[in-house]
Amino acid sequence: MTDCLFCKIVNREIPAALIHEDDQLVAFRDINPQAPTHVLIVPRRHIATLNDLGADADGIVGTIVRRAAAIARDEGFAEAGYRTVFNCNADGGQTVFHIHLHLLGGRPLTWPPG
Ligand code: 5GP
Ligand code: ZN
């Protein structure tokens, strides 16, 4: 999608601190980190919200979640713990409408979220 911020990052049209990419997804550091490690994992394919997921996306969603666990291991906090979040639409706090999994770690995180 031409007017999507994360499509532009995926396509290298705007810069980001990439930490992983493969044929299905891209992972990069959040520009406004909320924890010592705050990574966003996005599918290469444009999907606006979780509400737009079809059964054909089951594979990519699983791959995104497993990539979050792999990055947590690489960043050294897999055993200590971490949080993964998909925000959806206004009440969920979604501001970029290309699905992305937040990976937050490196400090204790409180619950419930705000
Ligand atoms: P959302 O609120 O949609 O769940 O999350 C969007 C996230 O994207 C926010 O945490 C925000 O800081 C991050 N973000 C917004 N613009 C950029 C950008 O240009 N580059 C990077 N790396 N992150 C961004
Ligand atoms: Zn997009």
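Only a predicted model underlies this, so the values are computations on that prediction, with no experimental measurement involved.

So, how was this worked out
- Residues numbered from 1 in each chain as written.
- Chains lettered and ligands numbered in written order.
- Predicted model: local features only at pLDDT ≥ 70, side-chain atom pairs only at ≥ 80, totals over all residues.
- Heavy atoms only, no water.
- Helix = DSSP H or I, 4+ residues; strand = E, 2+ residues; numbered from the N terminus.
- Rg over C-alpha atoms; globule rule 2.2 N^0.38 Å.
- Buried < 20%, exposed > 50% of the residue type's maximum accessible area, 1.4 Å probe, protein only.
- Contact = heavy atoms within 4.5 Å.
- Areas by Shrake-Rupley, 256 points an atom, 1.4 Å probe, with all protein chains shown as cover.
- Lys, Arg positive; Asp, Glu negative; His and termini not counted.
- Charge placed at Lys NZ, Arg CZ, Asp CG, Glu CD.
- Core = buried A, V, L, I, M, F, W, Y, C linked by side-chain atoms within 4.5 Å.
- Near = heavy atom within 4 Å.
- Polar contact = N/O pair within 3.5 Å; in protein donor to acceptor, adjacent residues only side chain to side chain.
- Phe/Tyr/Trp six-rings, centres within 6.5 Å; stacked < 30°, edge-to-face > 60°.

Asks: Looking at this model, I keep getting lost on the overall build of the chain. Mind explaining?
Replies: A count of helical and extended segments in the chain gives three helices and five strands. For the chain, the succession of helices and strands along the chain, N to C, is α-β-β-β-α-β-α-β. Relative to the 2.2 N^0.38 estimate, which gives 13 Å for 114 residues, the radius of gyration of the chain is 14 Å and therefore close to what a compact globule would have. Each principal axis of the C-alpha distribution contributes one length, and for the chain these read about 35 × 30 × 25 Å. Relative to its 114 residues, the chain shows a buried fraction of 34%. Taking all contacts inside the chain whose residues are at least 6 apart in sequence as the whole, residues at least 24 apart take part in 52%. Carbon and sulfur atoms make up 52% of the accessible area of the chain, which amounts to about 6,700 Å² in all. Of the charged side chains in the chain, 10 are positive and 13 negative, and the gap between their average positions amounts to 5 Å.

Asks: Would you take a moment to explain the nonpolar core for this structure?
Replies: Side chains of a nonpolar character, in soluble globular proteins, are inclined to be buried together. Ranked by internal contacts, the top residues of the largest apolar core, which has 15 residues, are Val39, Ile41, Ile64, Ile71 and Leu103. The set of elements that each furnish at least two residues to this core consists of β2 (25-29), β3 (37-43), α2 (58-75) and β5 (101-105). With five residues, the single largest contributor to this core is α2. Every residue in contact with Leu103, bar those within four places of it in the chain, is listed here: Thr37, His38, Val39, Ala68, Ile71, Ala72, Phe77, Tyr82, Arg83 and Thr84. Phe6, Phe28, Val42 and Val96 belong to the second-largest nonpolar core, a separate cluster that totals ten residues.

Asks: Please clarify how the site of ligand 1 should be interpreted in this entry.
Replies: Taken together, 16 residues are adjacent to ligand 1, and Asp30, Asn87, Gly93, Thr95 and His102 come closest. At 2.8 Å, a side-chain N or O of His102 approaches an oxygen atom of ligand 1. Look at ligand 1: alone it shows 520 Å² of surface, and the protein chains cover 82% of it. Those elements that place two or more of their residues in the shell around ligand 1 are α1 (5-10) and β2.

Asks: Help me understand the packing of aromatic side chains, please; the structure alone is not making it clear to me.
Replies: The geometry of an aromatic ring pair comes down to the distance between the two centres and the angle between the two planes. Within the structure shown, the criterion is met by two aromatic pairs. Ring geometry for Phe6 and Phe28: centres 5.3 Å apart, planes at 75 degrees, overall edge-to-face. Here the residue Phe6 occupies a position in helix α1, and Phe28 occupies one in strand β2, the gap between them amounting to 22 residues. Look at Phe6 and you get buried, because its relative accessible area is 5%. Judged by relative accessible area, Phe28 falls into the buried class, the value being 3%. Ring plane angle 55 degrees and centroid distance 6.0 Å describe the contact between Phe77 and Tyr82, whose orientation is recorded as tilted. Using a relative accessible area of 5% as the deciding quantity, one classes Phe77 as buried.

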